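Below, each chain spelled out in residue letters.
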Amino acid sequence: MAQPTHIGFQSKVLTANDLINGEVVYLSAEGQWVKAFANAKLFTNDVAANEASAQAETQQNQIVSAFLTNARIGQNGVPEPTHMRERFRANGPSNRFLGKQADAARLRGE
Amino acid sequence: MYRYSDFDRAFLTRRNQQFRDQVARRISGALTEDEFRPLRLMNGLYLQLHAYMLRVAVPYGALNSRQMNALADIADRWDEGYGHITTRQNIQFNWPKLCDVPDILDALAAVDMHATQTSGNCVRAVTADHFAGAAADEIADPRPTAELIRQWFADHPEFAFLPRKFKFAVTGSDHDRAVIKVHDIGLQLVRNASGAPGYRVLIGGGLGRTPMIARLIREFLPQADLLPYIEAVLAVYNQIGRRDNKYKARIKITVHEHKIETIRAMVEQRFLEQSAYFDGADQVLLAEIERNFTPPAYKSSGSGGFEATLASDPIFRSFVDTNTAQHKNPDYAIVSVSLKKHGDTPGDISSAQMRVIAKLAKTYSYDDLRFSHEQNIVLPHVAKSDLKTVHATLKEAGLATANIGLISDIIACPGMDYCDLATARSIPVAQDIANRFDALKLERDIGPLKIKISGCINACGHHHVGHIGILGLEKAGVESYQITLGGDGSEDAAIGKPVGPGFSAQAILPAIETLIDTYLDLRGDPSESFRALFQRLGMTPFKHALYGQEARTNAA
């Protein structure tokens with residue numbers, strides 16, 4: 001379920017693609033562009049979300065096509081996507097073990 | 001095949017230098033994405049879900065071993081070790097980094113290849129019959145015409161900003177393997193009553209959200225009139241094509257709204273004006289191009305024990321049955337290499353497999369190979385006496401799947417596994433269908449059947465012309481698959497019609513099985529194909545089977 005704190009506002013994260021390698025990135029609470037959806041900052045009101053979105057427009061030498069996407073707090077207490085498209089963006093293709101899922105496995109030493 | 005001139009090479013070098021500079025300026029921040037996007041698209045560079053994607057042009061799908069090896073090197077050095085062959089006879093790399101793309105384009109240019117005009121509202125890479133120059137039923141080779149069109153419309157200033165993208169397809173046979181009836185312009189090479197060469201010209205075909213079968217605009221266009229005539233078509237479209245609505249901007253809508261008679265009159269008028277600018281230089285160019293496409297010097301070795309091997313080796317026989325086609329030289333065969341091994345991604349090919357096919361093409365097919373729009377690879381000229389060796393080599397490389405034209409030879413677009421526009425996945429659906437019917441060992445019994453899957457309404461997977469078409473949509477946040485029946489992509493082209501409500505990701509495979517069971521139950525004898533049965537009985541039995549009492553619980 002979504003975790004709206006403002007009535008009618010679906011919580012969101014700000015996402016984009018990295019300019020150089022095209023990888024999906026998310027804006028973290030520290031203002032960095034990070035690779036994991038779980039490390040994204042969850043926006044719970046539209047003022048902050050829109051401000052961050054506008055700020056991203058000034059970071060054209062780091063990222064491409066930033067947009068806000070719906071998110072919720074998952075069972076392990078971190079943000080997760082609500083829509084299947086964002087689940088694919090957050091993991092990689094389902095037909096090949098490439099992209100983020102492979103990077104995460106490498107980090108885990110698999 | 002076509003050999004680049006010094007002019008071609010200088011043009012590409014200059015173009016690549018420009019793009020290298022543009023990429024540098026984008027990375028430095030001097031260019032915004034809004035400024036850069038049209039520049040990268042002009043060079044075939046898209047941004048997809050997980051990464052950039054580089055679409056490399058393979059004009060009319062033809063390449064030699066050197067080019068294929070270069071693609072393998074690019075896959076290994078700058079990508080993830082594979083490429084994806086598309087329904088435009090092109091190849092896409094799914095994981096390049098922006099900073100590497102200028103080097104990739106230089107590596108392509110070194111083997112006379114490029115990625116220009118694989119995107120944008122211009123004349124796109126021209127497609128043609130993948131059996132060109134080899135098919136027994138061919139009247140004339142479509143490749144010189146396709147090459148002439150490619151050259152003429154490369155950076156053509158008048159047609160750089162058309163209302164929408166524009167696709168040509170060319171065939172030289174009555175039996176249409178190039179799906180010309182769903183292209184903006186479809187050309188069929190023909191001869192008139194006195195034997196003079198020319199073209200049958202079709203316009204306004206297309207798939208996407210408004211599928212249309214092309215209309216005949218000229219029954220016979222003399223060969224020498226080709227360029228002024230198609231320039232006239234493009235000029236009329238450029239002038240009256242709709243720019244107010246992206247979804248009504250293709251020429252199929254222009255033809256539909258103005259009616260073919262009006263368009264024909266306008267084109268003929270414009271053609272008279274346009275002809276005055278052509279002084280025959282284009283025909284000199286065509287003659288030069290034609291010299292690049294002389295038939296190979298076939299050896300006359302007979303079939304070299306081919307029939308005996310065929311009789312004694314059932315696996316080889318089954319490969320020959322499905323994966324070879326009749327060559328114009330009776331001692332030769334056209335070999336289709338399936339990129340549809342059961343459970344694999346349709347159209348994907350590893351760098352190692354690319355090198356195997358390159359070597360086979362060089363050794364056994366006069367250094368000629370083709371990418372087909374059905375996402376397979378063709379070795380067009382293999383001596384029958386070499387077939388056994390070719391088969392054995394393919395088998396070792398996992399490339400000998402004997403399923404061309406069967407239920408598992410599925411066209412599937414990249415879908416939501418890669419594509420930014422997709423509304424559902426295509427690849428897993430294709431994998432499930434292929435695996436299931438392989439496990440049932442029913443493929444050969446089912447016989448010729450074309451399943452085509454698109455992951456969104458844009459129809460890159462040609463689902464409208466599949467005998468069974470599958471369209472992946474999103475419904476309430478989950479994948480939903482709509483089935484169409486009655487489509488066909490041959491000279492009898494037809495647009496399939498939806499059979500009823502869509503199916504969930506879990507229910508789509510059982511639904512396809514239901515359709516096949518229905519077909520097997522109802523066919524008069526095994527020689528009646530799925531398509532023929534559908535033409536005889538129509539939608540009703542399939543609809544009943546899918547949505548009757550029992551199937552209703554599966555419908556999503």
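Only a predicted model underlies this, so the values are computations on that prediction, with no experimental measurement involved.

**Digging into the packing of aromatic side chains**
Residues and elements named next belong to chain B. Within this structure, the stated rule accounts for 19 aromatic pairs over all chains. A centroid spacing of 6.0 Å and a plane angle of 10 degrees characterise the contact between Phe 19 and Phe 36, whose relative ring orientation is stacked. Taken together, the positions of Phe 19 in helix α1 (residues 6–28) and Phe 36 in helix α2 (residues 33–42) put the pair 17 residues apart, joining distant regions of the chain. Of the two residues examined, Phe 19 and Phe 36, each falls in the buried class. Cluster of aromatic residues (ring-pair linked, three or more members): Phe 153, Phe 159, Phe 166, Phe 168 and Tyr 237.

**A short note on the sheet that holds strand β7 (residues 168–171) of chain B**
Residues and elements named next belong to chain B. The mixed open sheet is built from 5 strands, whose spatial order is β6-β7-β8-β9-β10. Of all the strands in the sheet, the pair left with one neighbour each is β6 (127–128) and β10 (215–222). Both strand β9 (residues 197–203) and β10 contribute to a ladder of 5 bridges, which runs antiparallel. Across the sheet, Tyr 199 pairs through a bridge with Leu 221, a residue of β10. Docked against the sheet, helix α8 (residues 260–275) engages β9 and β10, running at close to 30 degrees with respect to β10.

**A short note on helix α3 (residues 100–107) of chain A**
Every buried residue belonging to α3 of chain A is among Lys 100, Gln 101, Ala 102 and Ala 105 of chain A, and all of these are buried. Looking at the packing, one finds that the buried side of α3 of chain A touches β2 (24–27) and α2 (84–91) of chain A.

**Topic: unusual backbone geometry**
All names here are of chain B. Look at Lys 259: it is not a glycine, yet its phi comes out positive at around 75 degrees. Of note, Lys 259 is situated in the loop between α7 (251–258) and α8. Classification of Lys 259 by relative accessible area gives partly exposed; the value is 49%. If you check the backbone angles, Tyr 366 has positive phi at about 55 degrees while not being a glycine. Looking at the element boundaries, Tyr 366 is found in the loop between α12 (351–364) and β14 (369–371).

**Here's the deal with the side chain of Asp 386 of chain B**
All names here are of chain B. With respect to the secondary-structure elements, Asp 386 resides in the loop between β15 (377–383) and α13 (387–396). The buried category is assigned to Asp 386, whose relative accessible area is 13%. Excluding residues that lie within four positions of it along the chain, Asp 386 makes contacts with Lys 299 and Tyr 364.

**Structural notes on empty space enclosed by the protein**
According to the stated counting rule, one finds 7 cavities of 30 Å³ or more in the structure shown. The space that makes up the largest cavity amounts to roughly 140 Å³.

**Concerning the pattern of salt bridges**
Residue and element names in this part refer to chain B. Counted according to the given criterion, the structure contains 42 salt bridges over all chains. Between Asp 73 and Arg 355 there is a salt bridge whose closest N-O contact spans 2.8 Å. Placement of Asp 73 in helix α3 (residues 65–78) and of Arg 355 in helix α12 is noted, with a sequence separation of 282 residues between them. Of the residues examined, Arg 355 reaches a relative accessible area of 30% and is grouped as partly exposed.

**Quick notes on the environment of Ser 312 of chain B**
Residue and element names in this part refer to chain B. Along the chain, the position of Ser 312 falls in helix α10 (residues 306–312). Overall, Ser 312 belongs to the exposed group, its relative accessible area being 57%. A C-alpha to C-alpha distance of 54 Å links Ser 312 and Cys 99, two positions 213 residues apart in sequence.

**A look at helix α17 (residues 530–537) of chain B**
Residue and element names in this part refer to chain B. The set of residues buried in α17 consists of Phe 530, Arg 531, Leu 533 and Phe 534. End-on, the buried residues of α17 take up no more than an arc of 160 degrees, which puts them together on one face. Residues of α17 that are buried make contact with β18 (468–475), β19 (478–485), α16 (508–522) and α18 (540–547). Directly beyond the C-terminal end of α17, a positive phi value near 75 degrees is found at Gly 538.

**Re the confidence of the model for chain B**
Here chain B averages 96 in pLDDT, while 99% of its residues score no lower than 70. Confidence drops under pLDDT 50 across residues 551–556 of chain B; counting only partners more than four residues distant or on other chains, this segment forms 12 contacts.

**Description of the interface of chain A and chain B**
In this complex, chain A contributes 25 residues to the contact, which on the side of chain B involves 33 residues. With both chains or domains summed, chain A and chain B bury close to 2,300 Å², and 59% of this area falls on carbon and sulfur atoms. Where chain A touches chain B, the interface holds 2 salt bridges. Residue Asp 420 of chain B is joined to Arg 85 of chain A by a salt bridge in which the shortest nitrogen-to-oxygen separation is 2.3 Å. Summed over the shared surface of chain A and chain B, the number is 12 residue pairs in polar contact (both at pLDDT 80 or more). Sorting elements by how many residues they give to the side of chain A that touches chain B places α2 of chain A first, with 4 residues. In the side of chain A that touches chain B, the residues fall into 9 nonpolar, 11 polar and 5 charged.

**A few points about the sheet that holds strand β1 (residues 12–18) of chain A**
Residue and element names in this part refer to chain A. With antiparallel pairing, the 5 strands of this open sheet are ordered in space as β3-β2-β1-β4-β5. Each edge of the open sheet carries a strand with a single partner, namely β3 (33–34) and β5 (79–81). Across 3 bridges, strand β4 (residues 63–73) lies against β5 in antiparallel orientation. Its bridge partner lying in β5, Ile 73 is registered against Pro 79.

The rules behind each value
Residues numbered from 1 in each chain as written. Chains lettered and ligands numbered in written order. Predicted model: local features only at pLDDT ≥ 70, side-chain atom pairs only at ≥ 80, totals over all residues. Heavy atoms only, no water. Phe/Tyr/Trp six-rings, centres within 6.5 Å; stacked < 30°, edge-to-face > 60°. Helix = DSSP H or I, 4+ residues; strand = E, 2+ residues; numbered from the N terminus. Buried < 20%, exposed > 50% of the residue type's maximum accessible area, 1.4 Å probe, protein only. Pairing = 2+ DSSP bridges. Contact = heavy atoms within 4.5 Å. Axes fitted to C-alpha atoms, helices over the stretch in contact; angles between N-to-C directions. 1 Å grid on protein atoms, 1.4 Å probe; cavity = no way out; pocket = protein on both sides within 12 Å on 5 of 7 lines; lining within 4 Å. Points joined across faces, edges and corners; volume = space filled by probe spheres on them. Salt bridge = Lys/Arg side-chain N within 4 Å of Asp/Glu carboxyl O. Arc of directions from axis to C-beta. pLDDT = per-residue confidence, 0-100. Buried area = accessible area lost by both parts, 1.4 Å probe. Polar contact = N/O pair within 3.5 Å; in protein donor to acceptor, adjacent residues only side chain to side chain. Nonpolar A, V, L, I, M, F, W, Y, C, P; charged D, E, K, R; others polar.

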